[in-house]
Amino acid sequence: MSRLGWAGAWRIARRDLSGSFRGLRLIFVCLLLGITTLAAIGSLTASITSELASRGQVLLGGDVEIAMSQREASETEKRSFRALGRLSETVRTRAMARNASGAAVLTELKGVDAAYPLYGALESRPNAGALKADELLIDQALADRLQLRPSDVVRYGDAAYRVRALIAAEPDRVGEGFTLGPVAIVSLDGLRRANLLLPGALYTAKYRLALPASANPKAAVSQLKAQHPSASWTFRDRDRAAPGASRFFERMGQFLALIGLSALVIAGIGVSNGVASYLQSKRNGIATLKILGATSADVSRIYLLQVATVAGLAIVLGLILGAALPPIVVAALGDLLPVSPGGGVFAQPLAIAAAYGVLIATAFALPPLARARQLPAAAQFRTVVESAGRLPLQTIAQVAGAALILVLLAVGTAREPLFAASVLGAVAGTLVLLMLLGWAVRRTARALPRPRQPLLRLAIGNLYRPGAQTVALVIALGLALTLFVTLAAIQTSLTAEITRTVPQRAPNQFVLDIPADARARFVGTVRGQAPDARLNIVPALRGTIVAYGGKRVADLKELPEGAWFLRGERGVTYSAVPPEGSDVTAGRWWPRDYQGPPLVSLDREAAAIMQVGVGDTLTVSVLGREIEARIASLREIHWESMGFNYILVFTPNTFRSAPHTLTSTITMDPARDGAVARALVSSFPSASVIPVREVIGQVRTVLDQMASAILLSASVAILAGIAVLVGAIAASRQSRSYDSVVMRVLGATRRQILGAQAIEYGLLATLLAGIALALGLTAAWFVIVQIFEFGWAPDWATVLLTLAGGAGLTLGIGLLGSLPLLSVKPAQALRDV
């Protein structure tokens, strides 16, 4: 029975804590790192996604959007739109902008009507007002690249326009999605002057509706679908104005949060080591309390209250810092984010981070507290040479309960529970593997014959002597080295995805919207500037998969995982022969002169996701007409070729008579890029020339940003691993101090003592290098291949150098932690033992 109770235990704990907080700093730092990271990632993700959701009307440009490709809505269709609310029409296409000197830049040209925008405001410098048919607005990037300013003339297609002003804010910019170039805005009448909307040209018409306040957007969409069941329109409403951006930030936020949670779990080991080290330093006080009549429960309560107080302070400060960091991150990122989130505190991510902190502190602090509680007073004075007994079943059950709740919380709050469970399982498996390895190292060191070399004998003896922290050191060193390898492999693989794979195979230019009857003239124009150029010319249409395997896409409650090709319209083509950059893996290709019912060749990965195969049917809506085709073959597409990798390739007789344009890739000597582009822009005003280097540059920027985010989050995990190492060194400080003093009394020099510890850490680092290399590469491979679906191409030299550098860093930290032991005075140390 406890004699002190909680109030008495708190009085002793508070008085003791006021003078010994220094011993609990490691616990404070470990929890602060993990909680701050989790709270900051969760708060930033919540602020961005909530901003996207709250500004849905402005980002979309309406309450409902109806989009269609390669055609505009008929008057009958527009009447059905207007019956639901106020209507605004926009048409968006890619086109080449040319200045007076003939310089050309690929842009996103957008035609808007007088009602645009229905929500928000189109802002310009100076204020432009309504646009005339020969005027346009341009963004700053286009003005810089073509050296334009207000009143200058720029040409699109067959028309010339005067720059009225610069775009300061385009309200629906985020909702428009990915763009390949700067933006220019004209009126719809002005867009038609350029003669860019030719039959078969690749453009998108969007119709936004402002509904009455009482109207339900989903009900309006359902009504339009019922009125036009065969229309291949793409619908969005204000609740999912920017689904791509929302999905990206939610998934990236989840991934980074799991990295942060992993760092917190790693930091939990540091908490355990810190508590053990602190209790080791308090062994005399614990023994004194027990001799004076305090029960094991009293002792447990005193030090539990101290640890809980420090953990609570770390959690509260971590939440404050985590809530304060997002505005700083937003200000630092500037225009890199799709929206500028406002300030605010988001309770859910902070509550989740706090719960994680409490669970981690509980799971990792209870075992050392239970061991200190178990030891009788006399044993407290012999803890340097006497190991603790087994944990009581009650403590094991409490730790298991905290771990179970933590896993359920992580999986239950994840967007993708299976992914979250696999990450946590991998972290737990790594910790268990390193723990078993540490136990095996200790057993093996004890079984080895005694070396003749004194320092080596001492170093090996340190691995299994009483009080040795070998298991903790193996876990700390193994985690640190594994994280170094993982980061190096991820970073170099992301870099190689662009700088190595793409440039070796990519063409120089893409050319869009070539008139279908001008193929020969196009080839002649290119050959005139680059006689050795290699061309790949294919027909281009846009279509939507509306049914497959007997199922209508519109009737699905949820799209299959990975079925991005079922969201909206995709490129469609036809060919008499298998296209470049793909290989037939199932079925057979049709004869060149095939004239039967429509057949289609499908990407095999898409077929696997839709669970269809050769012989099944698939329905595609093209230009408002639904075409059912039988799957004749499956293809493996080599996406890294950066050619025209169409998921759907039809028989030529299916679309040959449909209005369409041609697209082409051009592979040539890079020195001819400029001459070919100028010749094409001059001869084909409606065509768009896309330099591949610009596409690569945009992708590289995105990958660099992803790599930076991963690096920053994983750096916390590395810091946690270092904290674990510091904790392991601190936990063994008493026994090492005793050993150091005894050796110095027997005549050992400081250099010899430090050399023995250097050999010990060096042996562990060498042993763990291979394990860390395997674990780190496995983790990096999973991130690169399974999560991001990129090619696996790490720079092995960089990975190995990083591993060596990490080993050197951790070895240096271990030796730095040992330096204070060399200054311990023998008389004082022997009196403390």
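Look a little higher up for the structure.
What you see is a predicted model, and the numbers here were worked out from it, not measured in a lab.

Examining the packing of helix α18 (residues 519–529) against helix α21 (residues 673–683)
Helix-helix packing: each pair is described by the crossing angle between the helix axes and the interaxial distance.
Then comes step 1: At a minimum axis distance of 9 Å, the contact between α18 and α21 shows a crossing angle of 150°. In this structure, α18 crosses over α21, and the sense of that crossing is right-handed. For the pair α18 and α21, contact is made by Arg521, Phe522, Thr525, Val526 and Gln529 and by Ala675, Val676, Ala679, Leu680 and Ser683, respectively.
Then comes step 2: A per-class count over the contact of α18 with α21 returns six nonpolar, three polar and one charged.

Focus on the packing of helix α14 (residues 393–412) against helix α15 (residues 417–447)
Then comes step 1: Where α14 contacts α15, the two axes come as close as 8 Å, and the packing angle between them is 145°. In this structure, α14 uses Val407, Ala410 and Val411 to contact α15, whose residues at the interface are Pro417, Ala420, Ala421 and Leu424.
Then comes step 2: Taken together, the residues of the contact of α14 with α15 break down into seven nonpolar, no polar and no charged.

A look at the packing of aromatic side chains
Then comes step 1: The tally for this structure, following the rule as stated, stands at seven aromatic pairs.
Then comes step 2: Where Phe81 meets Trp233, the ring centres are 5.4 Å apart and the plane angle is 70°; that geometry is what we call edge-to-face. You can see Phe81 sitting in helix α4 (residues 75–82) and its partner Trp233 sitting in the loop between α8 (217–227) and β10 (234–237), a full 152 residues away along the chain.
Then comes step 3: On the basis of relative accessible area, Phe81 is assigned to the buried category, the value being 0%.
Then comes step 4: Between Phe650 and Phe655 the ring centres are 5.1 Å apart and the planes differ by 80°, which places this aromatic pair in the edge-to-face class.
Then comes step 5: Taken together, the ring pairs in this structure connect Phe81, Tyr207, Trp233 and Phe235 into an aromatic cluster.

Digging into unusual backbone geometry
Then comes step 1: With omega at -5°, the peptide bond leading from Tyr116 into Pro117 counts as cis.
Then comes step 2: Here Pro117 lies in the loop between β3 (104–112) and β4 (123–125).
Then comes step 3: Cis peptide bonds are those with omega within 30 degrees of zero, and the linkage from Arg125 to Pro126 qualifies with -10°.
Then comes step 4: Here Pro126 shows up in the loop between β4 and β5 (135–138).
Then comes step 5: For Asp513, which is not glycine, the phi torsion reads 60° and is therefore positive.

Thresholds applied
Residues numbered from 1 in each chain as written. Predicted model: local features only at pLDDT ≥ 70, side-chain atom pairs only at ≥ 80, totals over all residues. Heavy atoms only, no water. Axes fitted to C-alpha atoms, helices over the stretch in contact; angles between N-to-C directions. Helix = DSSP H or I, 4+ residues; strand = E, 2+ residues; numbered from the N terminus. Left-handed = near helix turned anticlockwise from the far one by under 90°. Contact = heavy atoms within 4.5 Å. Nonpolar A, V, L, I, M, F, W, Y, C, P; charged D, E, K, R; others polar. Phe/Tyr/Trp six-rings, centres within 6.5 Å; stacked < 30°, edge-to-face > 60°. Buried < 20%, exposed > 50% of the residue type's maximum accessible area, 1.4 Å probe, protein only.

By themselves these figures say nothing about function.
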